[in-house]
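# Notes for the structure review
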Amino acid sequence: MQRFKKIYKQIIEEGKTSISFEDLQFLLYKIGFKERCKGDHFIFTLEGINEIINLQPDGKSAKKYQVKQVRQIVTKYRLGGNSDEE
């Protein structure tokens, strides 16, 4: 299974919240989000989306509540579901 599809399935379809920070970043990049970094805050924006995603790593993992926020935004705007990207 391709990396994007695997991560997407874990977060969006299965509701998994224990995800590596790197995998969460990868998912957002592949969907088309742009990142800027300010200290340990990684801020993701996407044209046409009003919400801003602000992530901070928890060691090598993503914070569970932030994974939930990403899931809510991705499902609300129906992002990335048909992506065939790696």
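What counts, and where the lines are drawn
- Residues numbered from 1 in each chain as written.
- Predicted model: local features only at pLDDT ≥ 70, side-chain atom pairs only at ≥ 80, totals over all residues.
- Heavy atoms only, no water.
- Helix = DSSP H or I, 4+ residues; strand = E, 2+ residues; numbered from the N terminus.
- Rg over C-alpha atoms; globule rule 2.2 N^0.38 Å.
- Buried < 20%, exposed > 50% of the residue type's maximum accessible area, 1.4 Å probe, protein only.
- Contact = heavy atoms within 4.5 Å.
- Areas by Shrake-Rupley, 256 points an atom, 1.4 Å probe, with all protein chains shown as cover.
- Lys, Arg positive; Asp, Glu negative; His and termini not counted.
- Charge placed at Lys NZ, Arg CZ, Asp CG, Glu CD.
- Polar contact = N/O pair within 3.5 Å; in protein donor to acceptor, adjacent residues only side chain to side chain.
- Axes fitted to C-alpha atoms, helices over the stretch in contact; angles between N-to-C directions.
- Parallel < 35°, antiparallel > 145°, perpendicular 65-115°, else oblique.
- Left-handed = near helix turned anticlockwise from the far one by under 90°.
- Nonpolar A, V, L, I, M, F, W, Y, C, P; charged D, E, K, R; others polar.
- Pairing = 2+ DSSP bridges.

### Describing the overall build of the protein
Scanning the protein for helices and strands turns up three helices and five strands. When the helices and strands of the protein are listed from N to C terminus, the series reads α-α-β-β-β-β-β-α. A compact globule built from 86 residues would reach a C-alpha radius of gyration of about 12 Å, and the protein, at 12 Å, matches this within 12%. The dimensions of the protein, computed from C-alpha atoms along their principal axes, are 35 × 30 × 20 Å. When burial is assessed residue by residue, the protein has 38% of its 86 residues classed as buried. In the protein, the proportion of contacts linking residues at least 24 apart, taken out of those at least 6 apart, comes to 51%. Of the roughly 5,400 Å² of accessible surface on the protein, 45% is carried by carbon and sulfur atoms. Averaging the locations of the 16 positively and 12 negatively charged side chains of the protein gives two centres separated by 4 Å.

### Observations regarding unusual backbone geometry
For arginine 78, which is not glycine, the phi torsion reads 55° and is therefore positive. As for its placement among the helices and strands, arginine 78 is situated in the segment after α3 (64-76).

### Remarks on the side chain of glutamine 56
With respect to the secondary-structure elements, glutamine 56 resides in the loop between β3 (53-55) and β4 (57-58). Residue glutamine 56 is classed as buried on the basis of its relative accessible area of 9%. A polar side-chain atom of glutamine 56 sits 2.7 Å from a polar atom in the side chain of glutamine 66. Setting aside its immediate chain neighbours within four residues, glutamine 56 contacts Phe21, Asp40, His41, Lys63, Tyr65 and Gln66.

### A short note on the packing of helix α2 (residues 21-31) against α3
Packing of α2 against α3 leaves a shortest axis separation of 12 Å and a crossing angle of 20°. As far as their axial angle goes, α3 and α2 are roughly parallel. When the axes of α2 and α3 are compared, the crossing they make is left-handed. Each of Leu24, Leu27, Leu28 and Ile31 in α2 lies in contact with α3, whose residues at this interface are Val67, Val70 and Val74. Here the contact of α2 with α3 is composed, by residue class, of seven nonpolar, no polar and no charged.

### Brief notes about the sheet that holds β3
Read from one edge to the other, the open sheet built from three strands follows the order β1-β2-β3, with strand pairing classed as antiparallel. Edge positions in the sheet fall to β1 (34-38) and β3, since each of these pairs with one other strand and no more. Within the sheet, the average angular offset between the axes of one strand and its neighbour, ignoring direction, is 25°. Inspection of the sheet shows strand β2 (residues 41-45) paired to β3 by three bridges, in the antiparallel sense. The partner of phenylalanine 42 across the bridge, within β3, is leucine 55. On top of the sheet, α2 reaches β1, β2 and β3; it is set at about 20° to β2, its chief contact.

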